[in-house]
Every structure is written in structure tokens, then in C-alpha cells.
Amino acid sequence: MLSILEVAIPVPLNKTFDYLSDQKVDIGVRVKVPFGRKKVVGIVLGSKEKSEFDKLKSVEEVLDKKPILDKTILDFLFWSAKYYHHPIGEVISTALPKNLRLGKDAKIKKVIGLPKEVEKPDFETTDEQQTIIDQILKDTNNYHGFLLHGVTGSGKTEVYLHITQAMLDLGKQVLVLVPEIGLTPQMVSRFESRLETNVVAIHSQLNETQKLDAYLMAKNTDAGVVLGTRSAIFTPMPNLGLIIIDEEHDNSFKQQSSFRYSARDLSFIRAKQANIPLVLGTATPSLETLKNSLDSKLTRLTLANRAGGATLPKVSLIDMRSNTDGALSKLLIEKMQQHLNSGKQVMLFINRRGYAPVFFCTECGWKSGCSHCDSSMIYHRHINRLKCHHCGDEKIPEQICPECGERKLEVYGYGTERLEETLESHFSNTPIIRIDRDTTRRKKAFSQHLDRINSGEPCIIVGTQMLAKGHDFSNLAMVGILDIDAGFLSINFRATEYLAQLLIQVSGRAGRNTEQGEVVIQTRYPNHPMFSYVLSNRYTQYASQLLKQRMCAVMPPFAHQALLCANAKVKQNAEDFLREVATLLKNIQMNSVEIWGPVSSVIEKKSDYYYFNLYLQSTDRSALHQMLSTFNQHTESLKLKNKVRWYLDIDPID
Ligand SMILES: [Zn+2]
Ligand SMILES: [Zn+2]
């Protein structure tokens, strides 16, 4: 008998599609179906007797004998699609490894992990750690959210390892999410060597076969632990018993394209659905998480001491307002020399790669900009090119100023490449190791650099935020932080929160062993109130201040936001489309939702497209979501919809 299947297909439409089938097909099974002139892989979400459409097409092939997605994970995906107002077909597609999306066999090629010897740590847990471990494990059969607030170097990972092993002993699986740059080979091998189970890592460096294998091993419970970046939140784990989010404040948990979900926020839902404990770990809680703990939605557990008796680093400022020495002040160089002389390592942090951010004419002030974006071109010396970091366009630097014709073109400012060159002139006998996206492009280059640093030889490390977290360099005595002042000028209301987090995280690299480390920050804003907190390692007090300000201003996390962004090659179309959207939204008449805009994005033009934003905000989350649901049902009526690209971002972060 023919039945009708409801199939989710990865297209940007808020519905499923009906197909005929001559066999019964279970929910969660993949099918190959004709769609327009193409064949696509979809997931069966249900079956029915009657369809409202005539002339249904037939399923061409049933790809799985058993469902790829079980009810638990499908419920989670439905919830996610509804909350983010994103088409279910695209949500499911995001959740699946590429090989499954392409219709390949759901078969494990090579089983990861072999019988192995588990290493016992050569130290005991501290009393502080043990109390926390006991508290988390007190009741593992119910949902309970914890904020594990541990200062940098306090041994949060040690706590993770203990609670994970305890859950494994109970026959459970554990999901550990880490930021993109935190999932280092060292982190993976630490988990592998300590835990009595197969640990699978899921991250962007794996090839597609490896990704599929890891996914399937988690699904059939061959892997006890999944260690992954944000998309791993969607991994099916039938025996899931605990979720850990490491560095919960990190922005990489939010996907910034297509399906814009936050894995950190979704972890609450997944843990509640599975009725299991959730642990959010960090040295610098986000204001959202801090508010959750103040509202008793999370139990706060504190690791106030560094493990192994190490003390927090001493932080000082260098006032750059009267500095005439270039990127490196005299005082900074002196301090670096002292630490290097005593056989230690020094790290300089600068959050900009390339040689110099500005290439300009000293005669007339002309500046080299990207012809496709509203941004300047960054000079990269080793390839002698000007590059746009937004669209990737590059060109050979001009010899003569295109504006005034003079040969007076120069660079201004510093990136990692120029800093490295400057350091070579000051410290000719010291090795300099630069770590940024340009020096780590080659496979394994990053781990080779790390191995060299871990050998302990005195050296200077120059790095971007790739080094901000997850690395313990035991011989690193000093961290110098350069050029963070742009953070004070940003119009993003979260900028100072991010800056404080970054400073604490970067500072935390220094002095991981018993000797006290030193952190030196060069700034032109030494009187900014943030510094008085950072200097004395009082992040929580500063964050509480910011939280009060947000409460008074009724900003997130005290209000909920959504962003509608439109972009088009014709500037007017993007702006007019959002005007149309604003009118439609206002007609829905939700008085508790405020609508701002349209306004142009901070960088208005990117890759020849003009970007405009419309912001929605409300203290009533359900009113905001009700408005968006209604809006989504009426988007067909928007006249300019085919002239723009647009998306909706729930709980945007920038
Ligand atoms: Zn000129
Ligand atoms: Zn560009």
C-alpha cells in the first residue's frame, strides 16, 4: 500500500514536504527524493493518510534500515528550530555530518581508540576540587545546572576528568564542549590518557570520514566521551549522563552564519530534556551566566585557588599617552629582558595579524581601502600584498599615491608580523615564535610551535587570541598585552565585558608554576575603571558592575533581543526591505516589543553587499517570539524579499 511521508529537506522554507512511498519508513530515516530538478537527501519526520497536495512524487530510495536520528535528538532539533525560527530541514542538516547529508552509508570505516593503559595523575585533587566534584555528583539522575567558576590555573579540567570518569563508571556518556581554539591536541590527549573509554573528538580539522566515524561511535555508545566544538551539541548520545561546557563565555559557541544557534544556550535544553547535570566552567563568566547564577538557575561552585600553590600574576599598566618609542615601550622591553635573563619565557599578545593595519600617504592622507568593503587593507610583508581581512581580496601595494601622485606611501600601526620584526632588532639572540593564522596554516604547524614552547627554552612568543586560552606553558613568566585600546572605542555594548574577559584569560597564561607571573598592559586609557578591577584580579566585581549598568539600561541579559539583518548590492533595497519588515512587525501590535532601525551595520559594505540591521527587543521573551512566529508566516507578502538576502539572529552577540 502507498503511504505518504512527511520529509524535511535542507531548504530555507518553514515546512516539510510530502512524498509517496510503497513501504513503511520509520521516523528519523534518510530518504533520497526528487526536489525541483535535483535529487536531495531528506529525513522522514512522519507519515499520513492524506496530503493537501495532488500529484505527489515518490521517494526514490530509502537510505537507512534504522533511524539515523532518534526521538530524543529529533525533539531537541525541533525545539532548536522553533526557538531560533529556523527551517527544520536546515537545522537537521546542520546537525548531521556532511557524509550523512550527502546520502553516504552510515557505516564506521575505522574504529577510533584501542585498548589502552589509563594514566593515573601524579597528584591528588585539592580539597576545594574534591568538594566541588562531590557536589556535582550528589545527584546525577536529575537536571541541575552548575557554574564552575575557577580562576585561571585552578584545575577546572581536573574536575572535568573526575566527574567524567564517575559518570563513565555508571555506564553513562559525557559530552564536553570546548571553544574552537581550545580543542588542542594536548586537550584531546589529556582526556584520552586519563579516561577508561573511547574519547572521540569532533572538530573542523577532521576529514569527513573521521567526522562520520566519531558521530556513529557516539550514537552506538562505543564512545563514552565526545569532546567537540559547538556543533557537537547535536551529537546523538543515547546514554548521555552529563554535559560540560568549558570556557562558557567564549563567543565561538555561537554560530555566526546560516543557523545562528548558541551551543552554550542549547546545552540547558539538552540537559533538561535528558534530565542530567550541566556544568558551565570558566574563569570569567559571561553576564548571562552570572545572572543565571544570581537568579539561582545555576549553582555557583568556586575554585578560588590556583592548583599546585601557584599565585595569580601581578598586573601593571604602562601609560602609552606620552610614549614615543613605537609599539614597545622602554619599560616593557626592560621587563622582558629581566625575565629572559633568568631563563624564562615571555609572551606578547596583539590581536591583529599581518604587518600593519594602515597603508597611507604621508603627503595627502590617502589610505588604501578595499574596493569591495568599507575597510582598510592590511599590509602583509612576507608576500608584499595588501589584503582585506573581510573579503580576502588582495593587491600589490601602490608605488605612487593614486590621489596626489607623490612617492610618500608608508605603513602605520602594528600587527604580529611587524611586531616580530621589531622584536628581532631588540632581542637579536632570543628565539621568537609567532603564532597567528598566517604561521599556523600548514597542518601540524601549530602543534610544532607549541612543542617548541613546551620544551621550556627561553623565548619570546608573539600571538593573537589563538593563544588566549587552553594552553599551559609552565616556563612562561610574563605576558605583555599590546594594543587593546580599540575595545574601549567599540560601539558594541558588550565590548568592555569581552575586553575584561580577554585580559583575564590572557593574563592567566603567566606564572602557572609556583613563581608569581607578571602581566604588563600597555594602554592609552590607564584611567579606565575596568583596569582597577583587572589589576587586582577582581573580575566578578567588575562583571557585577556591568550587570548593574545593563539592568538600569534594560539591556541583555535583562532584555531579549533579535536582529533582522538584510543585505543587498543595491544599498537602497536593503534599507527599504527592512522598512517594509518594520511596518509588518508594527502591524502585529506587540506593545512590549521595541523595534529599532533600520540602521546600517558597523561595516556597511562587505564583499560588495550593503548591510542593514533592524533590532527587536523585549523584556518579555515569549512576546518577542510570538511576534517573530507571526512575522515568519507573512514573509511572502514582503515585496522586496527577492531583491535582498536576509536572516534572523536570535540573541545576537554583536
Ligand atoms: Zn597622497
Ligand atoms: Zn574587502
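Worth saying up front: this structure is predicted, and the values here are computed from it rather than measured. (Residues numbered from 1 in each chain as written. Chains lettered and ligands numbered in written order. Predicted model: local features only at pLDDT ≥ 70, side-chain atom pairs only at ≥ 80, totals over all residues. Heavy atoms only, no water.)

### Some thoughts on the sheet that holds strand β3 (residues 30-35)
Which entries qualify depends on this criterion: Any two strands with at least two DSSP bridges between them are considered paired. Counting from the N terminus, the helices are the DSSP runs of H or I reaching at least four residues and the strands are the DSSP runs of E reaching at least two.
Read from one edge of the open sheet, five strands run β2-β1-β4-β3-β5, paired in antiparallel fashion. Sheet topology places β2 (17-21) and β5 (61-62) at the edges, where each strand pairs with a single neighbour. Bridge count for strand β1 (residues 3-8) against strand β4 (residues 38-48) is five bridges, and the pairing is antiparallel. Within β4, the position partnered with E6 by the bridge is G46.

### Overview of the sheet that holds strand β12 (residues 299-303)
As a general point, the strands of a sheet are linked pairwise by backbone hydrogen bonds and lie either parallel or antiparallel. Stated precisely, the cut-off is as follows: To obtain an axis, a line is fitted to C-alpha atoms, over the contacting stretch when the element is a helix, and the angle between two such axes runs from 0 to 180 degrees between their N-to-C directions.
As summarised here, the arrangement of the seven strands in space is β8-β9-β7-β10-β11-β6-β12, forming an open sheet in which the pairing is parallel. In this open sheet, the two edge strands, each paired with only one partner strand, are β8 (199-202) and β12. Sheet twist, expressed as the mean angle between neighbouring strand axes with direction ignored, is 20 degrees. Bridge count for strand β7 (residues 173-177) against strand β9 (residues 225-228) is four bridges, and the pairing is parallel. Looking at β9, one finds that L175 is bridged to V226.

### Points about the coordination of the zinc ion (ligand 2)
So the rule is basically this: For Na, K and Ca the donor cutoff is 3.2 Å, while for all other metals N, O and S atoms must lie within 2.8 Å; water is not among the atoms, so some sites may look incomplete. For a four-donor site, all angles between 85 and 135 degrees give tetrahedral; for four or six donors, opposite pairs above 155 degrees with the remaining angles between 65 and 115 give square planar or octahedral; all remaining cases count as irregular.
The coordination sphere of the zinc ion (ligand 2) contains the protein donors C370 (SG), C373 (SG), C388 (SG) and C391 (SG), at a distance range of 2.3 to 2.4 Å. Geometry at the zinc ion (ligand 2) is tetrahedral, judged from the four donor atoms that bind it and their angles of 104 to 113 degrees at the metal. Each donor residue of the zinc ion (ligand 2) belongs to the same chain, with the gaps between them written as C-x2-C-x14-C-x2-C. Taken together, the residues span a long stretch of sequence, with C370 in the loop between β15 (358-361) and β16 (378-380) and C388 in the loop between β17 (385-387) and β18 (394-395) at a distance of 18 residues.

### Notes on unusual backbone geometry
Of note, the bond from P556 into P557 is cis; its omega dihedral lies within 30 degrees of zero at 10 degrees. One non-glycine residue with positive phi stands out, namely K55, at about 50 degrees. Assignment of secondary structure puts K55 in the loop between β4 and β5. A positive phi angle is found at E247, which is not glycine, with a value near 55 degrees. In this structure, E247 sits in the loop between β10 (240-246) and α8 (263-274).

### Some details on the packing of aromatic side chains
The line we're drawing: In this scheme Phe, Tyr and Trp rings, the latter by its six-membered ring, pair at centre separations within 6.5 Å, and the angle between planes marks the pair as stacked below 30 degrees, edge-to-face above 60, and tilted otherwise. For every residue, the accessible area obtained with a 1.4 Å probe (protein chains only) is divided by the maximum for its type, and the residue is called buried under 20%, exposed over 50%, and partly exposed between those limits.
Applying the stated criterion across every chain yields a total of 16 aromatic pairs. A centroid spacing of 6.3 Å and a plane angle of 25 degrees characterise the contact between F359 and Y379, whose relative ring orientation is stacked. Remark: Y379 occurs in strand β16 and F359 occurs in strand β15; sequence separation between them is 20 residues. This pair shows no difference in class: F359 is buried, exactly as Y379 is. Each ring, one from F631 and one from W646, has its centre 5.8 Å from the other, and the planes form 75 degrees; the classification is edge-to-face. Of this pair, F631 sits in helix α18 (residues 621-633) while W646 is found in strand β27 (residues 645-650), placing the two residues 15 residues apart along the sequence. When its relative accessible area of 0% is taken as the criterion, F631 is described as buried.

### Some thoughts on a positive patch on the surface
Spelled out, the test is: Patch criteria: residues need more than 30% relative accessible area and no salt bridge. Like-charged residues are merged within 9 Å; nonpolar side chains of Val, Leu, Ile, Met, Phe, Trp and Tyr are merged within 5 Å. Under the convention used here, a 1.4 Å probe and the Shrake-Rupley method define accessible areas, while residue burial counts only the protein chains that appear. For this analysis, a salt bridge means a side-chain nitrogen from Lys or Arg found within 4 Å of a carboxyl oxygen belonging to Asp or Glu. By the counting scheme adopted, Arg and Lys are positive, Glu and Asp are negative, and His together with the chain ends is not counted. By convention, charge coordinates are those of NZ in Lys, CZ in Arg, CG in Asp, or CD in Glu.
A grouping of K98, R101, K104 and K109 is seen on the molecular surface, where their side chains present a positively charged patch. With respect to the element layout, K104 can be found in the loop between α3 (98-101) and α4 (127-137). Taking the relative accessible area as the measure of exposure, K104 reaches 45% and is therefore partly exposed.

### Here's the deal with the pattern of salt bridges
In this structure the tally under the stated criterion is 32 salt bridges. Residue D18 is joined to K48 by a salt bridge in which the shortest nitrogen-to-oxygen separation is 3.0 Å. Here D18, found in strand β2, pairs with K48, found in strand β4; they are 30 residues apart in sequence, far enough to count as distant. Each of the salt bridges in this network shares a partner with another, and the network as a whole consists of E158, R190 and R194.

### Looking at α18
Quick reminder: α-helices carry 3.6 residues per turn. Residues three or four places apart thus point the same way. Using the following cut-off: By definition here, a helix of n residues has an expected span of 1.5 Å times n minus one. Note on contacts: a residue pair qualifies if any of its non-hydrogen atoms lie within 4.5 Å across the two residues.
End to end, α18 covers 19 Å across 13 residues, agreeing with the expected 18 Å (1.5 Å per residue, within 8%). If you check which residues of α18 are buried, you get A623, L624, H625, M627, L628, F631 and N632. Each element contacted by the buried residues of α18 is listed here: α1 (71-83), β24 (560-568), α17 (571-588), β25 (594-606), β26 (609-618) and β27.

### Observations regarding the packing of helix α9 (residues 287-294) against helix α16 (residues 539-553)
Under the convention used in this document: Orientation is classified from the angle alone, with under 35 degrees giving roughly parallel, over 145 giving roughly antiparallel, 65 to 115 giving roughly perpendicular, and any other angle giving oblique. Residues are grouped as follows: Ala, Val, Leu, Ile, Met, Phe, Trp, Tyr, Cys and Pro are nonpolar; Asp, Glu, Lys and Arg are charged; every other residue, Gly included, is polar.
For the pair α9 and α16, the least separation of the axes is 10 Å and the interaxial angle reads 90 degrees. Put simply, α9 runs roughly perpendicular to α16. Together, L287, L290, K291 and L294 of α9 and A543, S544, L546, L547 and R550 of α16 make up the contact between the two elements. Tallied by class, the residues present in the contact of α9 with α16 amount to six nonpolar, one polar and two charged.

### What to know about the pairing of β9
So the rule is basically this: A right-handed crossover is one whose linking path, passing over the helix from the first strand to the second, runs clockwise when the strands point away from the viewer.
Side chains V225 and L227 project from β9 onto one buried face, and the interleaved V226 and G228 project onto a second face that is buried too. Remark: the β8/helix α7 (residues 208-219)/β9 crossover connection has right-handed handedness.

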